[in-house]
Amino acid sequence: MSEQISPKRVRTVHLQQFKDAGQKFSMLTAYDAQIASIFDEAGIELLLVGDSAANMMMGHSSTLPITVEEMLVFTKSVVNGASRALVVADLPFGSYEASPAQAVATAVRFMKEAGAQAVKIEGTAAMADHVRALVAAGIPVIAHIGFTPQSEHALGGYRVQGRGEAAQALSEDALALEAAGAFCVLMEMVPASLAAEVDGQLRVPTIGIGAGSGTTGQVLVWQDMLGLGTGRVPKFVKQYVNLREVVSRAAGQYRKDVSEGSFPAEEHSFER
């Protein structure tokens, strides 16, 4: 096996090197400096400041309500916590779709004010002009296709995309967005065989979530991966620990210690 590529600071060029060398890479969402620091130290190559912060951090039922101003705060926090990983910011719903000029204006804020190193936008080949304008402005872009959460109402809910006759359209979307200059294509909730086929068609690397193992990289929402959420775990998520149970048990023990008077003990107190 060839030696693994391990840059001191992950850049877009390294992701292309990973694909060219047949090396996989990992991406996790992050919304604050502490979590970003932990994932950065663990060697995660990309940190996605996802608009999933709307659900995971703010309690909304979808990604749609989160604003640019709110996303800028989350993005700056992650940038402050990361020293090696490539930080990618989602452009939130309503902040880029109207025109390529709107997309550039919004993305510039994420690069200039928050320190993001790349942005991600959702959409089909119809977003090719937006991607082209962003790249022309010097802004690296990940194109997100397949199931796109910002379009959940138009897509009829959380449904697998690219089945049957729709497979060809998804492939064409990927190729058009690559041609427009996207340095990476993210596929969500796409049949594994189709995602692997698209990865083979593209020169640029791909990232999958619910898209099988044939993509160059993988991404998960960190609260899903670490078991912090409630309710049904999505089929495509591997839960590495039940963090909700761990934290709940610790909080319960803290409450018990306080109520019984065993905390704070002498070692937690100051002398006169």
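Residues numbered from 1 in each chain as written. Predicted model: local features only at pLDDT ≥ 70, side-chain atom pairs only at ≥ 80, totals over all residues. Heavy atoms only, no water.

Under an unreviewed UniProt entry, the name given to the chain is 3-methyl-2-oxobutanoate hydroxymethyltransferase, and the source organism is Nesterenkonia lutea. According to the UniProt record, the Subcellular location (unreviewed entry) comment for the chain is "Cytoplasm". The chain has a UniProt comment under Function (unreviewed entry) that states "Catalyzes the reversible reaction in which hydroxymethyl group from 5,10-methylenetetrahydrofolate is transferred onto alpha-ketoisovalerate to form ketopantoate." (UniProt positions renumbered as here; feature names shortened; annotations may be inferred.)

Participant: Could you clarify how one ought to interpret the pairing of strand E2 (residues 46–49) in this entry?
Facilitator: Across a regular strand the side chains alternate sides, sitting on one face of the sheet and then on the other. The side-chain alternation of E2 yields two buried faces, one formed by Leu 46 and Leu 48 and the other by Leu 47 and Val 49. With 3 bridges connecting them, strand E1 (residues 25–29) and E2 associate as parallel partners. Bridge pairing in E2 links Thr 29 to Leu 48. (Buried < 20%, exposed > 50% of the residue type's maximum accessible area, 1.4 Å probe, protein only. Helix = DSSP H or I, 4+ residues; strand = E, 2+ residues; numbered from the N terminus. Pairing = 2+ DSSP bridges.)

Participant: What is the right way to look at the nonpolar core in this model?
Facilitator: Where a protein is soluble and globular, its nonpolar side chains tend to be buried together. One finds Leu 46, Leu 47, Phe 110, Ile 142, Met 187 and Ile 207 to be the most contacted residues of the largest nonpolar core, which totals 78 residues. If you tally residues by element for this core, the top one is helix H4 (residues 68–81), at 6 residues. Not counting residues within four places of it along the chain, the set of residues in contact with Leu 47 comprises Leu 28, Ala 30, Ala 36, Phe 39, Val 78, Ala 82, Ala 85, Leu 86, Val 87 and Val 88. (Core = buried A, V, L, I, M, F, W, Y, C linked by side-chain atoms within 4.5 Å. Contact = heavy atoms within 4.5 Å.)

Participant: What's the story with the pairing of strand E3 (residues 86–90) in this structure? I'm lost.
Facilitator: Within E3, 5 of the 5 residues are buried, leaving the element largely enclosed by the surrounding structure. Side chains of E3 alternate between two faces, with Leu 86, Val 88 and Asp 90 and Val 87 and Ala 89 buried alike. Note that E3 and strand E4 (residues 118–122) share 3 bridges and pair parallel. Bridged to Ala 89 within E4 is Val 119.

Participant: Would you mind showing me how to read the packing of aromatic side chains here?
Facilitator: To describe a pair of aromatic rings, you give the distance between the ring centres and the angle between the ring planes. Here the structure, examined in full by the defined rule, presents 5 aromatic pairs. Between Tyr 31 and Phe 74 the ring centres are 6.4 Å apart and the planes differ by 75 degrees, which places this aromatic pair in the edge-to-face class. Taken together, the residues span a long stretch of sequence, with Tyr 31 in the loop between E1 and helix H2 (33–41) and Phe 74 in helix H4 at a distance of 43 residues. Neither Tyr 31 nor Phe 74 differs from the other in exposure class; each is buried. Each ring, one from Phe 39 and one from Trp 222, has its centre 6.1 Å from the other, and the planes form 70 degrees; the classification is edge-to-face. (Phe/Tyr/Trp six-rings, centres within 6.5 Å; stacked < 30°, edge-to-face > 60°.)

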